[in-house]
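Breakdown of the fold
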Amino acid sequence: MPGQATTVLGIETSCDETAAAVVRRDADGRGTILSTVVRSQLLEHAPYGGVVPELAARAHVEHLDGIVRRALAESGVGLAGIDAVAATSGPGLIGGVLVGLTTGKAIAAAAGMPLLAVNHLEGHALTARLTDGLAFPYLMLLVSGGHSQFVLVRGVGDYERWGTTIDDALGEAFDKVAKLLGLGHPGGPEVEKLALSGNPSRFAFPRPLLREARLDFSFSGLKTAVRLAAEHIAPLDDADVADICASFQAAICDVIRERSRAALRRFAETLPGMPLQFVVAGGVAANRAIAATLAEVARDTGARLVVPPPALCTDNGAMVAWAGAERFALGASDPLDIAARPRWPLDSPDMQVRAHGA
Ligand code: KG4
Ligand code: ZN
């Protein structure tokens, strides 16, 4: 209920993590994670070098019930202590989304409690309020396996997308580069590790769109340049692979640095007088070179940088529970026949919070 403390069960199944969590939101807006359980499907997908949607959906079917049960037990409050259930209803791999959303609906119907159909991206966008109590507005850079975007977060349900990728997501670019170098999946951590011992200036890879004013990203040309360089010097020894990783990561960091500066400039112009607040979300935020680049941008621009802990940057149930709790506190809930959505941009008009019955 608005104005009261609420405890929300959150369910996340939109990609390759099966996750559930219980989060409490106090009446003053402070959040506490009572439990969070995440099962990664890395092993199921490893032989294929990427996420296989049908295998992902089957693994969610197999494991979600047990994970929800564990999250409820570990929270110490059990189902009786839950006020509402939140489930990711998009965007994502539709088979997986259906598993989580249907489970959320079933729990809501059986226990007679409200349902919140959560946009997965809103989960990422609001996490900094759960971890750091951040006030609106702030700029978010979301960099994951499926998304690379700048979003102005004005309030719950109130987002402006300022730039996105016109081809690959950043995590996807890391994964594809890793694959073409024969490294494991997911590629980001592998590339980061090898880059540490490589020479970042051996290959002058392109910095896509760097000179353009818009805030969009493009990574497919960079990926192609990496492939051509690798083919040119093949067969590759360990030092070659490390140099390619380091040079690739250096190009990424340059792009992130310039784009983030430009996005913060736009923030200052759009919201004069507002403190510059910059949040990073998504699995790629775990990359230390990228994190260091963002810290440097924050230092230079005077922005406050918030990077949630890695376990809350990657997909998890707590972010879904929290987004549900934030919406619920504003009086929102969703009907039990709400549809799962493979695509659902954060700035769609239906993201706005409509109080139930309004
Ligand atoms: O947010 P996430 O766990 O899942 C979604 O895509 O929603 O992000 C996973 C992505 C993968 O592409 C992975 O390679 C990338 O994040 N990633 C990294 C690092 N750790 C994970 N990329 C670069 N450096 C890392 N250390
Ligand atoms: Zn995600």
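Anything mentioned here points back to the structure above.
First, a word on scope: everything that follows refers to the structure included in this document.

Definitions and cut-offs
- Residues numbered from 1 in each chain as written.
- Chains lettered and ligands numbered in written order.
- Predicted model: local features only at pLDDT ≥ 70, side-chain atom pairs only at ≥ 80, totals over all residues.
- Heavy atoms only, no water.
- Pairing = 2+ DSSP bridges.
- Helix = DSSP H or I, 4+ residues; strand = E, 2+ residues; numbered from the N terminus.
- Axes fitted to C-alpha atoms, helices over the stretch in contact; angles between N-to-C directions.
- Contact = heavy atoms within 4.5 Å.
- Salt bridge = Lys/Arg side-chain N within 4 Å of Asp/Glu carboxyl O.
- Buried < 20%, exposed > 50% of the residue type's maximum accessible area, 1.4 Å probe, protein only.
- Expected span 1.5 Å × (residues − 1).
- Bend = angle between axes of the 7 residues up to and from the residue.
- Near = heavy atom within 4 Å.
- Polar contact = N/O pair within 3.5 Å; in protein donor to acceptor, adjacent residues only side chain to side chain.
- Donors = N, O, S within 2.8 Å, 3.2 Å for Na, K, Ca; no water.
- Tetrahedral: all angles 85-135°; square planar, octahedral: opposite > 155°, others 65-115°.
- Phe/Tyr/Trp six-rings, centres within 6.5 Å; stacked < 30°, edge-to-face > 60°.
- Core = buried A, V, L, I, M, F, W, Y, C linked by side-chain atoms within 4.5 Å.

1. Brief notes about the sheet that holds strand S2 (residues 17-25)
Paired through their backbone hydrogen bonds, the strands of a sheet run either parallel or antiparallel. Spatial ordering of the open sheet is given by S3-S2-S1-S4-S5, a layout of five strands whose pairing is mixed. Sheet topology places strand S3 (31-40) and strand S5 (115-119) at the edges, where each strand pairs with a single neighbour. Averaged over all pairs of adjacent strands, the angle between strand axes in this sheet comes to 20°, irrespective of strand direction. Alignment of strand S4 (residues 84-90) against S5, held across five bridges, turns out to be parallel. Paired with Ala86 across the two strands is Leu116, which belongs to S5. Sitting on the sheet, helix H2 (residues 53-75) touches strand S1 (6-12), S2 and S3, and the angle it makes with S2 is about 25°. Helix-sheet contacts for helix H3 (residues 94-111) involve S1, S4 and S5, and the interaxial angle to S4 is about 155°.

2. Digging into the pattern of salt bridges
Per the stated rule, a full pass over the model turns up 26 salt bridges. Linking Asp28 and Arg30 is a salt bridge whose minimum nitrogen-to-oxygen distance equals 2.8 Å. Taken individually, Asp28 and Arg30 each receive the classification exposed, so the pair is uniform in this respect. Taking the shortest distance from any N to any O, the salt bridge between Arg227 and Glu231 comes out at 3.3 Å. Of this pair, Arg227 and Glu231 both sit in helix H7 (residues 220-233), four residues apart, which is roughly one turn of that helix. For Arg227, a relative accessible area of 35% translates into the label partly exposed. In this structure, a network of salt bridges that share partners links the residues Arg207, Asp254, Arg257, Glu258, Arg261, Glu296 and Asp300.

3. Concerning helix H4 (residues 120-132)
Across its 13 residues, H4 extends 19 Å between first and last C-alpha, which sits within 8% of the 18 Å expected from 1.5 Å per residue. Along H4, the largest kink reaches about 40° and is centred on Leu126. Of all 13 residues in H4, 11 are buried, a share of seventy percent or more. Along H4, the positions that sit buried rather than exposed are His120, Leu121, Glu122, Gly123, His124, Ala125, Leu126, Thr127, Ala128, Arg129 and Leu130. One or two residues past the end of H4 sits Gly133, with phi positive at roughly 60°.

4. Things to note about the site of ligand 1
Around ligand 1, the surrounding shell holds 18 residues, and the nearest of these are Gly145, Asp175, Glu192, Gly283 and Asp315. A distance of 2.9 Å separates an oxygen atom of ligand 1 from a polar atom in the backbone of Gly283. At 3.0 Å, a side-chain N or O of Asp315 approaches an oxygen atom of ligand 1. Mapped by element, the contributors of at least two residues to the shell around ligand 1 are helix H5 (170-180) and helix H6 (187-195). Ranked by the residues each element gives to the shell around ligand 1, the list is headed by H6, at four residues.

5. As for the pairing of strand S6 (residues 138-143)
The buried fraction of S6 is high, at six of six residues. What you see with S6 is no split at all: Tyr138, Met140 and Leu142 on one side and Leu139, Leu141 and Val143 on the other are buried throughout. The pairing of S6 with strand S7 (residues 148-155) spans six bridges and is classified as antiparallel. Along S7, the bridge assignment pairs Leu141 with Phe150. In textbook terms, the turn of a hairpin is the stretch between consecutive antiparallel strands, and for S6 and S7 this stretch comprises four residues. Pairing of S6 with strand S9 (residues 277-281) involves four bridges; the strand directions are parallel. By the bridge assignment for S9, Leu139 is matched with Phe278.

6. So, the coordination of the zinc ion (ligand 2)
Here the zinc ion (ligand 2) is held by His120 (NE2), His124 (NE2) and Asp315 (OD), and the distances to it run 2.1 to 2.2 Å. In this structure, the zinc ion (ligand 2) is coordinated by four donor atoms arranged in irregular fashion, with angles at the metal of 87 to 145°. Between the donor residues of the zinc ion (ligand 2), the gaps in sequence give the motif H-x3-H-x190-D. Placement of His124 in helix H4 and of Asp315 in the loop between helix H10 (310-313) and helix H11 (317-329) is noted, with a sequence separation of 191 residues between them.

7. Points about the packing of aromatic side chains
Within the structure shown, the criterion is met by five aromatic pairs. Here the aromatic rings of Phe217 and Phe219 are separated by 5.6 Å at their centres, their planes lie at 20°, and the arrangement is stacked. Members of the aromatic cluster, connected to one another through ring pairs, are Phe150, Phe217 and Phe219.

8. Concerning the nonpolar core
In this structure, Phe150, Leu170, Phe205, Phe248, Ile252 and Ile290 are the most contacted members of the largest nonpolar core, which totals 49 residues. No other element matches helix H8 (residues 238-270), which puts 14 residues into this core. If we skip the residues at most four places from it in the chain, Phe205 touches Leu222, Ala225, Val226, Ala229, Ile244, Ser247, Phe248 and Ala251. Formed by 36 residues, the second largest nonpolar core is a distinct cluster that contains Ala86, Leu126, Leu134 and Tyr159.

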